[in-house]
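Fold and contact review
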Amino acid sequence: MVLLIGISIVTLPIGGVKAAGFSDISALKKEIDYLTKKKVINGYNDGTFRPSVLLTRAQAVVMIMRSIGMPETELKDSGFNDVSPTSFGYKEISYAVGAGIINGKSKVRFDPAGNITRAEMAKVLGNAYKLVGVYEPGFTDVSANSWAFIFISSLAANNITVGYTDGTFRPTQPIDRAQFSAFLARIMEPSFRPSTSKIDHSIVDLPMESTIIDMVKNPNKPIIYYIDAKSKSLVILNLATKAKQVVELRHPAEKLAIKNDKVFVTQQIQARSPYNFIETQRGLINVYDADNLSLLKQVEVNIEPYDIAVDDAETLIISSGSGQHTEVHTYNWQTSEHLSSADIWDEDLIELSPNQGKVYSVLTSHYTGRMETYSLVAGIIKKETTEPRFFDTSNLRGYVQMSPDGKVIYNGNGTIYASSSDPSKDLTPLGKLATPFSTMTFDEPGKKMYLADNSTQISVYKYDLLEPTSTLRAYGKVNQLIYVKETGELYAISAYKQGGSTVDSTILERFNVGK
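Presented here is a report on the structure given in the accompanying data block. None of the values given here were measured: they were computed from a predicted structure.

Reading the values: the criteria
Residues numbered from 1 in each chain as written. Predicted model: local features only at pLDDT ≥ 70, side-chain atom pairs only at ≥ 80, totals over all residues. Heavy atoms only, no water. Salt bridge = Lys/Arg side-chain N within 4 Å of Asp/Glu carboxyl O. Helix = DSSP H or I, 4+ residues; strand = E, 2+ residues; numbered from the N terminus. Buried < 20%, exposed > 50% of the residue type's maximum accessible area, 1.4 Å probe, protein only. Polar contact = N/O pair within 3.5 Å; in protein donor to acceptor, adjacent residues only side chain to side chain. Core = buried A, V, L, I, M, F, W, Y, C linked by side-chain atoms within 4.5 Å. Contact = heavy atoms within 4.5 Å. Pairing = 2+ DSSP bridges. Axes fitted to C-alpha atoms, helices over the stretch in contact; angles between N-to-C directions. Phe/Tyr/Trp six-rings, centres within 6.5 Å; stacked < 30°, edge-to-face > 60°.

**Regarding the pattern of salt bridges**
- For the structure on display, the rule yields 15 salt bridges.
- In this structure, the salt-bridge partner of Lys105 is Glu120, at a minimum N-O distance of 3.2 Å. Taken together, the residues span a long stretch of sequence, with Lys105 in the loop between helix H4 (90-98) and helix H5 (118-129) and Glu120 in helix H5 at a distance of 15 residues.
- We classify Lys105 as partly exposed; its relative accessible area is 40%.
- Here Arg272 makes a salt bridge to Glu254, at a shortest N to O gap of 2.6 Å.

**Overview of the environment of Thr161**
- Relative to the elements of secondary structure, Thr161 occurs in the loop between helix H6 (149-157) and helix H7 (177-188).
- Sequence separation between Thr161 and Gly138 is 23 residues, and the spatial gap between their C-alpha atoms is 12 Å.
- Reaching out from Thr161, the side chain makes a polar contact with the backbone nitrogen of Gly163 at a distance of 3.0 Å.

**Quick notes on the nonpolar core**
- Counting 54 residues, the largest nonpolar core has Leu35, Met121, Leu125, Ile152, Leu155, Phe180 and Leu184 as its most contacted members.
- Only helix H2 (29-37), helix H3 (57-68), H4, H5, H6 and H7 provide two or more residues apiece to this core.
- At 8 residues, the largest contribution of residues to this core is made by H7.
- Leaving out residues up to four positions away in the same chain, Ile152 has contacts with Ala119, Ala122, Phe139, Val142, Phe169 and Pro171.
- Val216, Leu249, Ala253 and Tyr288 belong to the second-largest nonpolar core, a separate cluster that totals 16 residues.

**Observations concerning the sheet that holds strand S2 (residues 212-217)**
- Taken together, 4 strands build an open sheet; the order of strands is S2-S3-S4-S5 and the sheet is antiparallel. The open sheet terminates on both sides in strands that have one partner only, identified here as S2 and strand S5 (244-248). Between one strand axis and the next, the sheet turns by 20° as a mean value, whatever way the strands run.
- As paired strands, S2 and strand S3 (residues 223-228) are joined by 5 bridges and run antiparallel to one another. Bridging from a neighbouring strand, Met215 pairs with Tyr226 of S3.

**Quick word on H2**
- Those residues of H2 not exposed but buried are Glu31, Ile32, Asp33, Tyr34 and Leu35.
- Directly after H2, the chain includes Lys39, whose backbone phi takes a positive value near 60°.

**Let's talk about the packing of aromatic side chains**
- One pass over the full model with this rule turns up 8 aromatic pairs.
- Between Tyr34 and Phe192, the aromatic rings sit 5.4 Å apart at their centres with planes inclined by 75°, giving edge-to-face as the arrangement. Linking Tyr34 in helix H2 with Phe192 in the loop between H7 and strand S1 (200-203), this pair joins segments that are 158 residues apart in sequence.
- Taking relative accessible area as the criterion, Tyr34 reaches 18% and is therefore assigned buried.
- Using a relative accessible area of 14% as the deciding quantity, one classes Phe192 as buried.
- Ring geometry for Phe264 and Trp333: centres 6.1 Å apart, planes at 75°, overall edge-to-face. Note that Phe264 is positioned in strand S7 (residues 262-267) and Trp333 in the loop between strand S12 (325-332) and strand S13 (337-345), a separation of 69 residues in sequence.

**Brief notes about unusual backbone geometry**
- The phi dihedral of Lys130 is positive, around 50°, even though this residue is not glycine.
- Tracing the backbone shows Lys130 in the loop between H5 and H6.
- Notably, Lys447 is not glycine yet its phi reads approximately 55°, a positive angle.

**Remarks on the pairing of strand S16 (residues 371-377)**
- Among the 7 residues in S16, 6 count as buried, and that is most of the element.
- In this structure, strand S15 (residues 358-363) lies alongside S16, joined through 5 bridges in antiparallel fashion. In the strand pairing of S16, Val359 is matched with Tyr374.
- In this structure, the hairpin formed by S16 and strand S17 (residues 380-383) is closed by a connection of 2 residues, where Ala378 is found at a positive phi of approximately 50°.

Here is the structure:
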């Protein structure tokens, strides 16, 4: 409950489980234990932590500099009359002031023994960890004109705090040792962050040092498959058991598809170029068993593969990543037979309709954007003549996703188009979502869809509404979303800078949104 209140902490009576080495800690035990192990905080010689003791400005700076690491650059004196080389925190204060993390009270006075307020705490943490983001609800006692507004807002936007239950932040209130420890631990380790909703939200204990560029879910099991570009590998992850299997890929891969218990992965064997015309293009499609990732076949294709779709007959539909005015090809993967081709722009994403009779493409390599349609009959693809449409082309994104019922196509800029067998109605604009997105997933039984745009916010929509009905807040910036109908859970693969790192780590987050 203390965590959910968002650091509106009351010192509890001593009792219960105590933090390691401290005799007076029961609340916020995990956070204080974490910082102690990281050697960011220390207790007193009598074995106490004294959580309710107000934190001084010097102590706050020392803790922050311990958390991010002291630089190896030459130390420059900060010029404060009240901070000498023999003062506690002299080096940390000098470096922090030089790095713009904290300012003095004046050019010559730092006030090291003065208490640090919650607003000042938000500023120094925001500067030290370069926090960004806007907390849309805001706080009733923090004006948008306040110098502290951007710092407090970014702190709340990153789930470091949710404020007090009365909607206030209380910026002028001094902060104590326990409160500051909780804030700092939540920045360094996102699993300590409080949830901003009633949804059960946690980080799956599965660190992933990876760059995930495509991901699909097994349609019948709580299993995902993804391509890790950093390690050049295909990964299968069981979300129920957390068992993971990794298969190394010989060539770079970009896209994958799953159909009939088989996983199909593109393999780029030549450098991509707009001057690789279709006559010179080559590529591979690896076909794996979806249960154990054993290689079933490697299919040679006369195209440099970009995106891939597979129909129920297991026809491969592959768009080209090279050339300019290039082609989309279809293949029988069992025989490697080339079945058909049609004109397409390079680096087009393709989406197969649920009835298997139509393929939609969206251009990614040109600033204007364009959507086109193709018929697919018995593995033969043909370009259709589409009615002229105004796609708001200056904003059309190179991302499309079709609704599970096949009636609607969503573009990443938020626009919605009809999918129809009637050419006069096909790709008719139906409206626009309130938010753009770069990843989307559907909860078919609940008639909901979840979408995110490389930020910590996940918007929740109902199929029949163009406005979000609610939002979820992730710990990291969401790159991929997957809804698992078997467990009623939403998973987000997101990028987060652990501790003071300047490099993103990939974390797997879970939201129990219900079946």
